[in-house]
Structures are given as C-alpha cells and as structure tokens.
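# Coordinate inspection notes
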Amino acid sequence: MNVLWLQSAGCGGCTMSLLCAESPNVLDLLAGAGIRLLWHPALSVESGAEVRALLAAIEAGAVALDVLCVEGSIATGPRGTGRYQILSGTGMPMLDWLRRLAPLAGDVVAVGTCATYGGITTAGGNPSDAVGVQYDGARPGGALEAGFRARSGRRVINVAGCPTHPDWVTETLLLLAAGQLEETALDALGRPRFYADHLVHHGCSKNEFYEYKASARSLSEMGCMMEHLGCIGTQAVGDCNIRPWNGQGSCTRGGYPCINCTAPEFEEPRHSFTETPKIAGIPVGLPTDMPKAWFMALASLSKAATPERIARNATADRVEVPPTLRKPR
Amino acid sequence: MSEGDRRLIVGPFNRVEGDLEIRLDIRDGQVAEARVNSPLYRGFERMLPGKDPRDALTIVPRICGICSISQSAAAARALAMACSMAPTPQGERVAALIHAIENVIDHLTHFNLFFMPDFTRAPYAGRDWHGAAVARFTAMEGAAQRATLEARAALLHVVGMLAGKWPHTLAIQPGGVTRAPTARDQARILASLSAFRRHLEGVVFGAPLEEFIALTSTDALLNWQTGDAGLFLRIAADLGLARLGQGAGRYLSFGAYPLEGGHGFAPGLWRGGALAPLDTRGITEDLSHSWMLGPAAHPSQGVTDPDEEMRDSAYSWCKAPRLAGETMETGALARQVVDGHPLARDLAAQGGVLARVAARLLELARSQLLLEDLARGIRPEASFMSGPTTLRDGVGEGLVEAARGALGHWLRIERGRIAAYQIVAPTTWNFSPRDSAGAPGPVEAALAGVPVQPGEETPLAVQHVVRSFDPCMVCTVH
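Residues numbered from 1 in each chain as written. Chains lettered and ligands numbered in written order. Predicted model: local features only at pLDDT ≥ 70, side-chain atom pairs only at ≥ 80, totals over all residues.

This part covers the overall build of chain A. Within chain A one finds 10 helices and 13 strands. Compactness check: chain A gives a C-alpha radius of gyration of 22 Å against a globular reference of 20 Å for 329 residues, within 12% of the reference. Across its three principal axes, chain A shows a C-alpha extent of roughly 75 × 50 × 35 Å. Taken over 329 residues, chain A has a buried fraction of 56%. (Helix = DSSP H or I, 4+ residues; strand = E, 2+ residues; numbered from the N terminus. Rg over C-alpha atoms; globule rule 2.2 N^0.38 Å. Buried ≥ 20, exposed ≤ 12 C-beta atoms within 10 Å, placed from the backbone.)

The structure is reproduced here in structure tokens:
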C-alpha cells in the first residue's frame, strides 16, 4: 500500500507523536504490513526536485496513490487564495495540491484535529482562514466538499486528536492495508470507532474521585478535575486512559484536564480550558448519555457520602491517606 | 547571466520541521545569493489577544510539535513574570527535566533522521565511508534510524510519566508542574536515563560520554573514531564540512534550564571572539522583507499584521529579528560557546557545518549528565507547584532555550485578558530574511559561496548547510 504524507498548516506534532510508536517501532510496523511511504516530509531522503518529480508521476498516473495522509489544517486565506501556505518549490497553494491529489487517492486520511476539523489553527478568529480536509469545524465541507469520496468510495477518514496517539494512526493504516476499514468502522464525524467508541473517562486513574465528586480545586491536586478544572473526559472520545501515552501517561494522569482534543471546535471552548464554566455554582456540561436530573441527584448523594480518605486526597498533591487495610479473616 | 549562471528554487525542503523554500542565484559554480522563504503563515500571535492568559499554556505548545515543551516553558515563564510569581524550586527542576528531554530527543532525531541520510546519496557512492553510511542511515531503513526511534520512544516515557504525553503537555505551569513525582517515579526516571546513557555510549558515541565531553579541540574531535559520531567525523573530514556554510561568529543564548543555582547552560552573547552580556531590550523585528505590515519594533511593542498582497519587495512570512541591529546565530553551538565549553569555543572559530553538528553531539552528551543530576535532585517530599495566582495586569518576558536555540515570548495582560503576545523563535533568528539595510539572515549569509555541481537541481552542499542549522519552520512564523 503506497502512502503519500503531506504536512499542511499544522505543527507537525502528529508526525512527532507517530515516531513514538512502540513494539515494534514505526518503521518496522509499517514495513511489516506492506505499507510503503512514497514520501514523508520528516523521514524520506528525497528533497526538492525529486519530490516534485514524484508528485508529477502521481498526477500522471505513473505511481499509484493508495492513501493520501494529510497532517495539518488547510489554509484558505488570504481571501480564498490559499496562499498562506504555498507547497514550497511548486508555487502552488497546498489547498490546490490537496484538491488535485485527493481524487487520485484510494483513501484520504486526515491526521490530527487540524486536518480533520481545522483544530487549533482555527482558534482565536482563525487568522489564516483554515479548514479541515472535509470539515470546517463540526460542519461537513472543508477544503474538499462534503460529498467528496476517494477512489474507494469512502469519505475522508478523520483520525482526530491533538496530537494523535501513534497507534490511532498506525492502526488506521493497518486496517486499510488489510481491507478491513469499512464505512461502518467510522463514527458520524468520520473517526475510526476503534478509539472513538471510548471515552477518555474510561480507565481514568481519577475514577474513584469522580465517583464521589471529590474535586481538585487547583492544578497539581489529585482529585477529579470535572467540577472545577475544566476536564471533559466524560464527554470526550478517545481511549487515552485505556492505552496510555508514552509508556504510562495521559492528560489526566499528568494532572491536567482533558480538553476534548478529538472533537471539532475543541479549540474554542468559550471558557478557559482549565476552568469549568458554572451557572449558579453548578458546573455546566453533563457526562455523555447521563440524564441531568439523575446526574444531579447522584452527584449530591455521592458527594455527601465521600469517605474522608478520598476527600482529603482530592485536594492533596499526593496520597495523604492510604486505603484502610482489611484484617484477614 | 553568463553560461552556467542560473536560479534554483529548492523545495519542498524536507527533513526539516515544517515548510521551507530557498531561492538560489548560482554564479561560477557557487551560490551567489540565497533567499530563504518560510511559506506558511498561521497567525498564532493574532489568536491569543482577548483570551484568558492561562489559555496560552494550551495554545502555544501547539505552535510546534517538535519544540512543544519549549513553547510551554516560555509561556509559563512569561506568565509568571507578568504576575510576579515564581515556580517552586522543585517544580522548576521537574520542568527543566521534562524540557531537557525534549531537547535531547530533538538532537538525536535531527542527527539520525534529518541530517545523516544525505550522506547515503548516490553522488557519494565512491567514498570509502559510503557503505557504512548506507547501512546506518538509509532513510526509513538504516540500523541507526531504527535504534534511534526505539531509544527516543523509551526516553519519552519519562515525559509520559511526569507530563502525561508528548508533544502538547499542559504540565508546565507558572507555579511549577501539575504532577508531583514520587520516590518510585524518581527510581523509574533514573532507570530510563540509565538505559538512554547505554544507547548513547553504545551506539552514538561508542565510548563513555565523559570522554567525548573531555575533548577540547577540533583536531582532537576529528580523531574521534567510535560510534555513529565517529562515522560522521570521518565524513566531515573527507568532505571538508568544517569550512562549509560558515557563520558570522555571533552567537546568542537565552540560557537553558533556569534553576535555583543558575542556568544549566549559561545565557549570553558571543561576539568578536568574546563573551558579552545579553540585553534583550536591543531586540527588534524588522519587517522590510517580510509579508508583514508595520514598523520595526521590539517584540513587547510588536504587531503581526500579515500583508495579504504578499508584496514583491518581500519574500517570506518570517520577520527579521536583530540584536542591536545585527543578525545572531542561535542553537546548540551558540549555547555551548556561550556556556564556555572549550571544544565549542574552538569549533566556533570556523563555525560551519561541522561545528553546528558536533556542538549538537557535545550538548547531547552534556545534557545526559545534566538530566541525571536533575533526576537525582528530585525531592519527592517537596512541593512542585506554588499557589494559584490571578492574572490581572502585567507584562512578561519568557526566555528559554529550545533545541534550536533562543526562544522568547513577550506578553501583556490587561484586565485579566491577553492584550498582546509576540513570539521570536530560534529559527526566526537563523532563517530570517534580509533587513532594511539589506543584510541577509544567518542561513542566507552562510549559503553564500557554497559550491553547486553542474546539473544539480537540489544542491547537496546546500542541503548540508541548511540542515546543519536544524531549522524548525513551524516555529519560525508561528
């Protein structure tokens, strides 16, 4: 399976994350599955004229393009020209390159939340008028039209995340190479369900604090960060706490809130990322699929039932009260 | 133009982070003039005004996937200054540890994945080192590339543990870090560092790090024969990389890893072969050849107003930073020269491709020792975060050293909101366009005189020079 990887208007962090793939390393993993990178901006030897020749060969149909991976949002400014990002050496905006290459690709994979929905590049008034490959925020239709279909007949595959977990990207490619990524394997926003059917809350190491709404008040405290510190792990899709990052990490394990980076428009939460918006002291936002009345009732009940150990540890930066040992019978 | 004179547009320029295009005017078989274009504008400095100051810590790391922690650290320091607070000493130590790991893996990635693969190319097939270079550094296949990826991923487990993930952590805060390490964590960190030392000594240097750090002259360096460093030095001697792409000898470092007892690597300037104190008030960003509107200004007064017309007299989205009117080179070589390492000082006399790459290797070795000290000095019983603060009004300057050099953030907070935010990144210095006096940026100047072989469309020597700077183009314009 031939893969061409282009970096558009983004930070390159999804590639940097990809290089953290382990067991096996990313080179062995891709090669072992018969996945060949035609060109990758960080990895390939070819530069300049050699790359332009490759792009010409793809356009001429001399080189088959099975998968086009796009990392980064697509700048459409200034004034719709796309000239905020010229693909260097070609004089042509990345916007135009994408529109020329995408119809030639067996599949188009948008890597990262910039490429999927616009992401952080569109924060704060979106200075470069950036969009995602097939979405503009949550709205279908980005650099490519909502109705765009790759040669496979599939819409753009949206591997969202800021950055993407290395496995989200490699496993998407593995499934494509094996012919096992059907339309039903994607959620309504085009994200692979193998990670998007989970919530960041699943497996969160702060779950016991969550059960009792025993909350951290400031960053570095161990308690649940939903009530005060802006954490939306109960609403955000991702298996971040089921398969950890960089060995054993995740945002919540690192002591800071989930900011819902796999979702369209996460970049503008309309409140500070690290502060939970409240109305009359009640946090706004419910855990996914939770009826409001039940949540309120359970929260007040569990808060009242909070054991001393959990209450004290919630506002400490380390375990101050260990679990009581049960006497063996 | 006479026969053989020509103009080349080099791009897409890969194995650099982000987008880079270089225009070369070739005369008499060498580069007469180079113009460096950063062809991507995103406008981070325009996203931030109006936002809660704390949100900078979520947004600015995402300027760059390879210098993400450096961006975090600069923002945290600028915010701390703006509200007159300081991190706890142990919080500062853990932040330095996380930051130094990013810089170390960036050096390792640059050497193995970005820089060395060029020596596997066909035009070098007749050289006696070519077979070894092919075995070690063939893109996506070489043995060194695989080993690098595995050592890199393993060392990043320390960042996963302390900071949740890499890149784009929110762990570094004005008051310290969000997670207090335990004694068990400290033991794991030391175990990871021990494994990384084994990689460096077994693969990269082929000898104890202390022996490489003890080198004091370029001559002694060129006699180093072991490890992949030895292979590089053999190539460097054969190809004359010491004289290729020489810089102006002006080096800038903001100082890396501020700690209770001073910086891990000292701040300062090196100019005319001598140290000079650093005064950031002398920094201006010139916009004469940038697709930006407005006057030249100190970053605390600067604006980012893109020229939608992309006027013909300009050629890059990058601004042109100058210190007291002069270009400055920044990066590992600058840091090690300013910090006073004798090998770096000797390398600086030539200041070419060899100097930049060797200084990165030197810093890689020295940073391992620094990391071990930082980890051993963790006191799990201490506090890692100072109390929460309110950010109402203030101005801040956050100066750090990213892998690629001096990174500064300048911000102003008014009534609890960001009023202004300006960033000058290392590659903004190194890859700056010309200024109003017509003075080329450091890479533009270093490329003048570089040989170009007949028929070369993407000249190899030009690639060596450009990659020796380890540019990060996504940071450059931001």
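Residues and elements named next belong to chain B. Sheet topology places strand E15 (residues 405–414) next to strand E16 (residues 417–424); seven bridges connect them, and they run antiparallel. Directly across from His 409, in E16, lies its bridge partner Ile 423. Here E15 hands over to E16 after two residues, with Arg 415 in that stretch at a positive phi of 50 degrees. (Pairing = 2+ DSSP bridges.)

The subject of this paragraph is the interface of chain B and chain A. Listed per partner, the contact involves 72 residues of chain B and 65 residues of chain A. Elements supplying a minimum of two residues to the side of chain B that touches chain A: strand E1 (6–10), helix H1 (44–47), helix H2 (56–59) and helix H6 (143–163) of chain B. For the side of chain B that touches chain A, the leading source of residues is H6 of chain B, giving 12 residues. In the side of chain B that touches chain A, the residues fall into 34 nonpolar, 19 polar and 19 charged. (Contact = placed C-beta atoms within 7 Å. Nonpolar A, V, L, I, M, F, W, Y, C, P; charged D, E, K, R; others polar.)

Turning our eyes to something else, we now look at the sheet that holds strand E14 (residues 394–402) of chain B. Residues and elements named next belong to chain B. The sheet built from three strands is open, its strands ordered E14-E15-E16 with antiparallel pairing. Of all strands in the sheet, those bounded by a partner on one side alone are E14 and E16. Geometrically, the sheet is characterised by an average inter-axis angle of 15 degrees between neighbouring strands, direction not taken into account. (Axes fitted to C-alpha atoms, helices over the stretch in contact; angles between N-to-C directions.)

With that settled, consider the sheet that holds strand E2 (residues 21–27) of chain B. Residues and elements named next belong to chain B. Strand order in the open sheet formed by three strands is E1-E2-E3, and the pairing between neighbours is antiparallel. Each having just a single partner strand, E1 and strand E3 (30–37) make up the two edges of the open sheet. Within the sheet, the average angular offset between the axes of one strand and its neighbour, ignoring direction, is 20 degrees. Here E1 runs beside E2; their pairing, made up of five bridges, is antiparallel. The residue of E2 that forms the bridge with Arg 6 is Ile 26.

Residue-level pLDDT values for chain B average 97, and 99% of them are 70 or greater. Scoring the predicted complex yields pTM 0.98 and, for the interface, ipTM 0.97. (pLDDT = per-residue confidence, 0-100.)

Bringing the domain arrangement of chain A into the picture now. Residues and elements named next belong to chain A. When its domains are assigned, chain A resolves into domain 1 (2–194) and domain 2 (198–320). For domain 1 versus domain 2, the distance between C-alpha centres works out to 32 Å. On the domain 2 side, the residues contacting the 17 residues of domain 1 number 12 residues. Along the lines of polarity and charge, the residues of the side of domain 1 that touches domain 2 split into nine nonpolar, six polar and two charged. (Domains from an automatic or database assignment.)

Bringing the packing of H6 of chain B against helix H7 (residues 183–204) of chain B into the picture now. Residue and element names in this part refer to chain B. Contact geometry of H6 with H7 gives a least axis separation of 9 Å together with a crossing angle of 160 degrees. The pairing of H6 with H7 is recorded here as roughly antiparallel in orientation. Of the two elements, H6 crosses H7, and the hand of that crossing is left-handed. Taken together, the residues of H7 that come into contact with H6 (itself represented by Ala 144, Ala 147, Ala 151, Ala 154, Leu 155, His 157, Val 158 and Met 161) are Asp 185, Arg 188, Ile 189, Ser 192, Ala 195, Phe 196, His 199 and Val 203. Of the residues in the contact of H6 with H7, the class split is 11 nonpolar, three polar and two charged. (Parallel < 35°, antiparallel > 145°, perpendicular 65-115°, else oblique. Left-handed = near helix turned anticlockwise from the far one by under 90°.)

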